[in-house]
Amino acid sequence: RYSTAWGDIGFQGTDPSTDFRGMGYLALLSLLHLAEHHVDFCQRHIAFYMIPGNELVYFPFAITSINVTGWLLDMLRKGQLDVVLYKRGATL
């Protein structure tokens, strides 16, 4: 569970669970969905952060996904996504 390799995909430390403390399971599900259903998007962004010799410089993928999940949840709670959801026919 503890490894410096977690930093290679954008976690901030050796224990990825500490990055999820604010958003928890929802952030984990969002990150998993992104990785499973948007493979090309993820691969493009990983490639962008590679330098010659295939060494990963820094890839903030995980922590960025967690932060975006938090921002979207805040917007949802404030009603700032109501118009978008209404146009898509979503119900809560």
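Preceding this section is the structure that the text describes.
Thresholds applied
- Residues numbered from 1 in each chain as written.
- Predicted model: local features only at pLDDT ≥ 70, side-chain atom pairs only at ≥ 80, totals over all residues.
- Heavy atoms only, no water.
- Helix = DSSP H or I, 4+ residues; strand = E, 2+ residues; numbered from the N terminus.
- Buried < 20%, exposed > 50% of the residue type's maximum accessible area, 1.4 Å probe, protein only.
- Contact = heavy atoms within 4.5 Å.
- Areas by Shrake-Rupley, 256 points an atom, 1.4 Å probe, with all protein chains shown as cover.
- Phe/Tyr/Trp six-rings, centres within 6.5 Å; stacked < 30°, edge-to-face > 60°.

Digging into the overall build of the protein
Step number 1: Scanning the protein from terminus to terminus reveals four helices and two strands.
Step number 2: Its helices and strands taken in sequence order, the protein reads α-α-β-β-α-α from the N to the C terminus.
Step number 3: Among the 92 residues that make up the protein, the fraction classed as buried is 23%.
Step number 4: Across the protein, the fraction of contacts at a sequence separation of at least 24, relative to all contacts at a separation of at least 6, is 45%.
Step number 5: In the form shown here, the protein has an accessible surface area of approximately 6,900 Å², with 61% of it arising from carbon and sulfur atoms.

Considering the packing of aromatic side chains
Step number 1: Per the counting criterion, the structure on display carries two aromatic pairs.
Step number 2: The interplanar angle of 90° and the centroid separation of 5.5 Å between the aromatic rings of Trp6 and Phe11 together place this pair among those described as edge-to-face.
Step number 3: A relative accessible area of 31% places Trp6 in the partly exposed class.
Step number 4: Summarising the aromatic geometry, the rings of Phe11 and Phe20 are spaced 5.7 Å apart at their centres and angled 55° between planes, so their arrangement reads as tilted. Here Phe11 and Phe20 have matching classes, each one buried.
Step number 5: An aromatic cluster of at least three residues, connected via ring pairs, comprises Trp6, Phe11 and Phe20.

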